[in-house]
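Survey of secondary and tertiary structure
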Amino acid sequence: MSAEILAFLVLATATVAGGVVTLWSRYVVHSAFGLMLSLLGVAGFYVLLGSDFLAVTQVVVYVGGVVVLYLFGVMLTPPDREERSIRRIAVAGIFAVAALVVLLKAVFGMEGRWYGVDPDRGPASGGAVIREVGNAFMDKEAYLLPFEIASVLLLVALVGAVFIARREGGRGS
Amino acid sequence: MTTAALIATLVKIAVFFGITISLAAVSTLFERKISAWIQQRYGPNRVGPWGVLQPLADGLKFIFKEEVAPAGANRLLFRLAPAMAAAPAFMTVAVVPFTFPLILDGTRIPMAIADIDIGVLFFMAMGSLAVYGIMLGGWASNNKYSLLGGLRSSAQMISYELAMMVSVITVLTLAGSMNLTRIFEAQIPLWNIAVFPVGTIAFGIFLIAAFAETNRHPFDLAECETELVGGFHTEYSSMKFALFFLGEYSAMVMMSGLITTFFLGGPSLFGLVNGIEDPWIKVLAGLGVFLAKVCFFLFLFIWVRWTIPRFRWDQLMHLGWKLLLPLSLANLLLAGTLVATGVL
């Protein structure tokens, strides 16, 4: 067994185990923690696929940002007694099945190896990727418009957050 | 990976990690010695000559102490938290270039464990993971003081991370690369701290944010003995307690190393070391210069702790959000303009 397959299996186990903990744990904090493990595993996959820029971005944005905010909220929230009601499970089930179908279709339509990256079609890594990504964001032909829209959306969210915080708490609370 | 490259990597891991851990241990001794000098005392002087064996004695004591977990604590997370607090600081060691690249027979061996092109991003990622240990430790202890300490600390680290990252981006703009070795090599003619005004301002912001990120005085509201007993580590004992501190001191060493790399030209010293012909002597001299700079910043961390009183909570937030963040953004804008117009 090559090191690459071994790494793939370890990461796959971590990702799936994290997902299972997220779903089934009775503690919400454990769930957030499992989510963190799962997202870290996905970052590991990106490294395995030769895309370290994406991997580090994943860690910065999701593991270091989103999950920390989840934990922040979860720690100050009492547990939800209704978390396992039939209605919620049914709604979640529909989405889960739909996602699974899309995923399986992608897996079976895939060419090349089931783990790691084909040496023939591997992406460039490191500095070259950063330059390409940066240029693509600033290129009118490529992603300039989506980039600007995302910026405006974030700005709106920021202003909204400040507005809500001000209204609820008042000045100098 | 060839066998030679593998051996080189293993040697680098052993040496650089060893240096970091040793420096962290020695700084605990110097923390107490320097605080004693500042307060006109002797400091630890019983264990070994001049107290030099004190860190070793502390370590042994921590190992043999009983482990206590409070009733109602979340066992799993309570045990995991100290490791998660220490791990990010240890992992940052991987990207810090400790000295000049070694050039042997035309092959260039970079003197960072992993000389990756996204070194700066890796440092940012590890910095954002550092919150977890303290936050979970505070929560899992099932103690109101711990929880408050953990929450304060995570809010503080998230707030100051922003200003720190923006000032790092200023450095990237000046260097034109995310590779830490290239960043210090770009400064061999002129250190970033001397690039007035953008480099100097970015240095100031990074330094202040580094104090906040490592939970050091005057930003150590996470511990804040007068209000929170011990903050997030109130309930911790034995080696778990020690791991939090090992993590804190390693983070200090790493922050000092990164300040040196980003703003003080890493191992370079006014072109003196850079001009050395012999590759091995150049590498060793570079390492010496780098460590001297790191030790200066470690001293600064300790000096500030025993000189300046603690900030109040709202003052801390005010400084982070209303002063440092806008200042760093304006600085970045200025740096971008200067670089784009070719002034720098």
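To be clear, the structure that these remarks concern was listed above.
1. A closer look at the overall build of chain A
- Looking only at helices and strands, one finds six helices and zero strands in chain A.
- Ordering the α and β elements of chain A from the N terminus gives α-α-α-α-α-α.
- Within the span of chain A, comprising 173 residues, buried residues form 23% of the whole.
- Counting only carbon and sulfur atoms, one obtains 71% of the accessible surface of chain A, whose full area is about 12300 Å².

2. Describing the environment of B:Met317
- With respect to the helices, strands and loops of the structure, B:Met317 is situated in helix α11 (residues 313–340).
- Between the alpha carbons of B:Met317 and B:Ala155 there is a distance of 8.9 Å; along the sequence they are 162 residues apart.

3. Some points on the nonpolar core
- Membership of the largest hydrophobic core comes to 98 residues, with the highest contact counts inside it found for B:Phe98, B:Tyr132, B:Leu136, B:Phe206 and B:Phe262.
- The element best represented in this core is helix α4 (residues 119–140) of chain B, accounting for 15 residues.
- Aside from chain neighbours lying at most four places away, what touches B:Tyr132 is A:Met36, A:Val63, A:Val67, A:Val68, A:Leu71, B:Met84 and B:Gly137.
- Within the second largest apolar cluster, five residues are counted, among which are B:Phe100, B:Phe184, B:Ile188 and B:Val273.

4. Observations regarding the interface of chain A and chain B
- Contact residues are listed per partner, giving 22 residues for chain A and 25 residues for chain B.
- Summed over both partners, the interface of chain A with chain B comes to about 2100 Å²; 84% of that surface belongs to carbon and sulfur atoms.
- Of all residues in chain A, the largest losses of buried area upon contact with chain B belong to A:Phe33, A:Phe72 and A:Met75, amounting jointly to 27% of the total for that side.
- In this structure, the connection of chain A to chain B is made through one residue pair in polar contact (both at pLDDT 80 or more).
- Every element with two or more residues in the side of chain A that touches chain B is listed here: α2 (28–48), α3 (52–75) and α5 (127–137) of chain A.
- With 12 residues, α3(A) is the largest single contributor of residues to the side of chain A that touches chain B.
- For the side of chain A that touches chain B, the class distribution of residues is 16 nonpolar, four polar and two charged.

5. Concerning the pattern of salt bridges
All names here are of chain B.
- Counted according to the given criterion, the structure contains five salt bridges over all chains.
- Glu185 is the partner of Arg108 in a salt bridge, and the nearest nitrogen-oxygen pair spans 3.7 Å. Of the two residues, Arg108 sits in strand β2 (residues 107–109) while Glu185 sits in helix α6 (residues 180–185), which places them 77 residues apart along the sequence.
- Look at Glu185 and you get partly exposed, because its relative accessible area is 29%.

Reading the values: the criteria
- Residues numbered from 1 in each chain as written.
- Chains lettered and ligands numbered in written order.
- Predicted model: local features only at pLDDT ≥ 70, side-chain atom pairs only at ≥ 80, totals over all residues.
- Heavy atoms only, no water.
- Helix = DSSP H or I, 4+ residues; strand = E, 2+ residues; numbered from the N terminus.
- Buried < 20%, exposed > 50% of the residue type's maximum accessible area, 1.4 Å probe, protein only.
- Areas by Shrake-Rupley, 256 points an atom, 1.4 Å probe, with all protein chains shown as cover.
- Core = buried A, V, L, I, M, F, W, Y, C linked by side-chain atoms within 4.5 Å.
- Contact = heavy atoms within 4.5 Å.
- Buried area = accessible area lost by both parts, 1.4 Å probe.
- Polar contact = N/O pair within 3.5 Å; in protein donor to acceptor, adjacent residues only side chain to side chain.
- Nonpolar A, V, L, I, M, F, W, Y, C, P; charged D, E, K, R; others polar.
- Salt bridge = Lys/Arg side-chain N within 4 Å of Asp/Glu carboxyl O.

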